[in-house]
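So you can see what is in the structure, the chains are spelled out below.
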Amino acid sequence: LKTNNINGLKFISNVLDAVDSKDFPSIIDSYKEENDPSIILLIGAYNGKVSVAVGVTDSLTYKISAVDLVKCAVTALGGKGGGGRPGMAQGGAKDIKNSEKAIELVKDMIGD
C-alpha cells in the first residue's frame, strides 16, 4: 500500500495478489471512509485475470472521475476501456507487470 500526496489530495495505490476483483469495491469503500478526500487505485491478479479498480471520494467526483482514471490504468496494462461511475470504476487488463507505469500515469492525470 502506497500513499502519495498530489496537490493536496491523498492518492492510495496498491497492487494486490490473490484477491478476487469482486472484493475491490468493498476494499475501496473502506479506504474511502478512512481517507477523505482521496483517490484509490487497486491493481490485482487473480486466477490469471488482471483487474483494475479506482475509487474517488464523493468530495472529489465533481472534478475527477474514476472512469477516466481506470481507463488510463487499464490501457497501460494492455486492456481496453473500463467503466462505472465517477466514484467507482473497474476494468480488466492483460498484464500486471506494468503496474508501476499504470500507477505513475494515473498520478500524472491527477496532478494535471
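Structure report, in brief. Since the structure is predicted, the reported quantities are computational estimates derived from the model, not experimental observations. (Residues numbered from 1 in each chain as written. Predicted model: local features only at pLDDT ≥ 70, side-chain atom pairs only at ≥ 80, totals over all residues. Heavy atoms only, no water.)

**Structural notes on the pairing of strand β2 (residues 9-17)**
Here is step 1 of the chain: Sheet analysis places strand β1 (residues 2-6) next to β2, joined by five bridges and oriented antiparallel. Following the sheet pairing, N4 is matched in β2 by F11.
Here is step 2 of the chain: Remark: two residues form the turn of the hairpin made by β1 and β2, two consecutive strands paired antiparallel; N7 in that turn has positive phi of roughly 50°.
Here is step 3 of the chain: Here eight bridges tie β2 to strand β3 (residues 38-46), and the two strands are oriented parallel to one another. Opposite D17, over in β3, you have A45 as the bridge partner.
Here is step 4 of the chain: Taking the sense of rotation as the criterion, the β-α-β connection linking β2, helix α1 (residues 24-34) and β3 turns out right-handed. (Pairing = 2+ DSSP bridges. Helix = DSSP H or I, 4+ residues; strand = E, 2+ residues; numbered from the N terminus. Right-handed = clockwise from strand over helix to strand, strands pointing away.)

**Concerning the environment of K32**
Here is step 1 of the chain: Along the chain, K32 turns up in helix α1.
Here is step 2 of the chain: Owing to a relative accessible area of 15%, K32 belongs among the buried residues under this scheme.
Here is step 3 of the chain: For K32 and V74, which are 42 residues apart along the polypeptide, the C-alpha to C-alpha distance reads 21 Å. (Buried < 20%, exposed > 50% of the residue type's maximum accessible area, 1.4 Å probe, protein only.)

**Some details on the sheet that holds β1**
Here is step 1 of the chain: Here we have six strands laid out as an open sheet, ordered β1-β2-β3-β4-β6-β5, and mixed in their pairing. Edge positions in the sheet fall to β1 and β5 (83-85), since each of these pairs with one other strand and no more. When strand polarity is set aside, the average angle formed by the axes of neighbouring strands in this sheet is 15°.
Here is step 2 of the chain: Summarising the sheet, strand β4 (residues 49-56) and strand β6 (residues 88-93) pair through six bridges and their orientation is antiparallel. Note on β6: the bridge partner recorded for S51 is G92.
Here is step 3 of the chain: Contacts between helix α3 (residues 99-111) and the sheet are confined to β1, β2 and β3, with β2 contributing the most and set at about 165° to the helix. (Axes fitted to C-alpha atoms, helices over the stretch in contact; angles between N-to-C directions. Contact = heavy atoms within 4.5 Å.)

**Remarks on the side chain of T57**
Here is step 1 of the chain: Note on placement: T57 falls in the loop between β4 and α2 (66-76).
Here is step 2 of the chain: Beyond its immediate chain neighbours, meaning those up to four positions away, T57 contacts K32, N35, D36, P37 and S38.

**Section: the pairing of β4**
Here is step 1 of the chain: Burial analysis of β4 places seven of its eight residues in the buried class, the great majority of the element.
Here is step 2 of the chain: Relative to β4, β3 runs antiparallel, the two being bridged by eight bridges. Directly across from L41, in β4, lies its bridge partner V54.
Here is step 3 of the chain: The turn joining β3 and β4, which pair antiparallel and follow one another in sequence, is formed by two residues; a positive phi near 50° is taken by N47.

Bear in mind that shape data such as this cannot, by itself, settle questions of function.
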